[in-house]
Amino acid sequence: MEDLEFDIIELPAYRAIGLKWDGAYTEIPNLKKIIYTMQERVSELELAVNPEMQLGLSYHLRPDGFVHYSVYEVNAEQEIPEGMEEILVPQMHYFKIHHQKGSDIGHTYIKIHQWMKENREYKPYVESGPEYFDDLPIKHERYPHDRDLNDPHFYILIPVEKEK
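First, a word on scope: everything that follows refers to the structure included in this document. (Residues numbered from 1 in each chain as written. Predicted model: local features only at pLDDT ≥ 70, side-chain atom pairs only at ≥ 80, totals over all residues. Heavy atoms only, no water.)

**Observations concerning the overall build of the protein chain**
The cut-off we apply is this: A run of DSSP states H or I qualifies as a helix once it reaches four residues; a run of E qualifies as a strand once it reaches two. Both are numbered from the N-terminal end. Our radius of gyration is a C-alpha quantity, and the globule rule it is checked against amounts to 2.2 Å times the number of residues to the power 0.38. The cut-offs for exposure are 20% and 50% of the maximum accessible area for each residue type, with area from a 1.4 Å probe on protein chains only; residues under the lower value are buried, those over the upper are exposed, and the others partly exposed. Here a residue-residue contact requires only that any non-hydrogen atoms of the pair lie within 4.5 Å. Each accessible area is a Shrake-Rupley result for a 1.4 Å probe, and residues are judged covered by the shown protein chains and nothing else. His residues and chain termini do not enter the charge count, which takes Lys and Arg as positive and Asp and Glu as negative. For the purpose of locating charges, the reference atoms are NZ of Lys, CZ of Arg, CG of Asp and CD of Glu.
Counting its secondary structure elements, the protein chain contains two helices and nine strands. For the protein chain, the N- to C-terminal ordering of α and β elements is β-β-α-β-β-β-β-α-β-β-β. Over its C-alpha trace the protein chain gives a radius of gyration of 16 Å, about what one expects of a compact globule, namely 15 Å for 164 residues. The C-alpha extent of the protein chain, read off along each of the three principal axes, is 45 × 35 × 30 Å. Per-residue burial for the protein chain yields a buried fraction of 45% across its 164 residues. Of the contacts made within the protein chain by residues no fewer than 6 positions apart, 76% connect residues no fewer than 24 positions apart. By element, 49% of the accessible surface of the protein chain is carried by carbon and sulfur atoms, the whole surface being about 9,100 Å². In the protein chain, 17 positive and 31 negative side-chain charges are present, and the distance between their average locations comes to 3 Å.

Here's what the structure looks like:
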């Protein structure tokens, strides 16, 4: 397998606000509209920590699709605007990789999955309780606003925990 350039990082807990989508893989065009809408509405989040970095938090909680939060990190005082939701993300360790513009997103995720299967130190983190339907059950992506929407570069962060 080709070498992956990645880091294992730890991020503190944070609060994020934005739009929630819960849909099937066949409904992905609707998700893209949600992402674009949230980017347009970021100005409603006066207390956004970094309004130039949109977050996409995906949780594979259904067999035919996933739940996705298109959000921005905000501080504790930020009110929740009409039609938006908040999500509280706990402190976690992440496998972090930069997906390059011009690369195939599916191929990037295949490489991540392969690394997870072959390494013996870390495994994908899952919350106790919910049932997940993907080998990479939680995917957090960070999109800079200057990305090309048709061929984006962005950061992929997979929550991980040490193998026991």
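**As for the packing of aromatic side chains**
For clarity, the threshold we go by: Stacked, edge-to-face and tilted labels apply to pairs of Phe, Tyr and Trp rings (six-membered ring for Trp) whose centres lie within 6.5 Å, assigned for plane angles under 30 degrees, over 60, and everything in between, in that order. Counted as over-ring charges are cases with an Arg CZ or a Lys NZ within 6 Å of the ring centre that also lie within 35 degrees of the ring normal.
Scanning the entire structure with this criterion turns up seven aromatic pairs. Summarising the aromatic geometry, the rings of Tyr 25 and Phe 66 are spaced 5.7 Å apart at their centres and angled 50° between planes, so their arrangement reads as tilted. Of the two residues, Tyr 25 sits in the loop between β2 (14-24) and α1 (28-41) while Phe 66 sits in strand β4 (residues 65-74), which places them 41 residues apart along the sequence. Both rings, one in Tyr 59 and one in Tyr 69, keep their centres 6.1 Å apart while their planes meet at 85°; by these two values the pair is edge-to-face. In this pair, Tyr 59 sits in strand β3 (residues 53-62) while Tyr 69 sits in strand β4, placing the two residues 10 residues apart along the sequence. Each member of the pair, Tyr 59 together with Tyr 69, is buried. Three or more aromatic residues joined by ring pairs make a cluster, and in this case those are Phe 6, Phe 95 and Trp 115. Across from the ring centre of Tyr 109, 5.6 Å away, lies the NZ or CZ of Lys 139, which sits over that ring. Of note, Arg 142 hangs over the ring of Tyr 14, and the distance from its end group to the ring centre comes to 5.7 Å.

**Re the pairing of strand β8 (residues 138-144)**
Basically, it comes down to this: When DSSP locates at least two bridges between a pair of strands, those strands are taken to pair.
Counted residue by residue, β8 has seven buried out of seven residues, so it is predominantly covered. In the sheet, β3 pairs with β8 via seven bridges, with the strands oriented antiparallel. Paired with Gln 54 across the strands is Tyr 143, a residue of β8. Pairing analysis gives three bridges linking β8 to strand β9 (residues 154-162), with the strands arranged antiparallel. Note that in β9 the partner of Glu 141 across the bridge is Ile 156.

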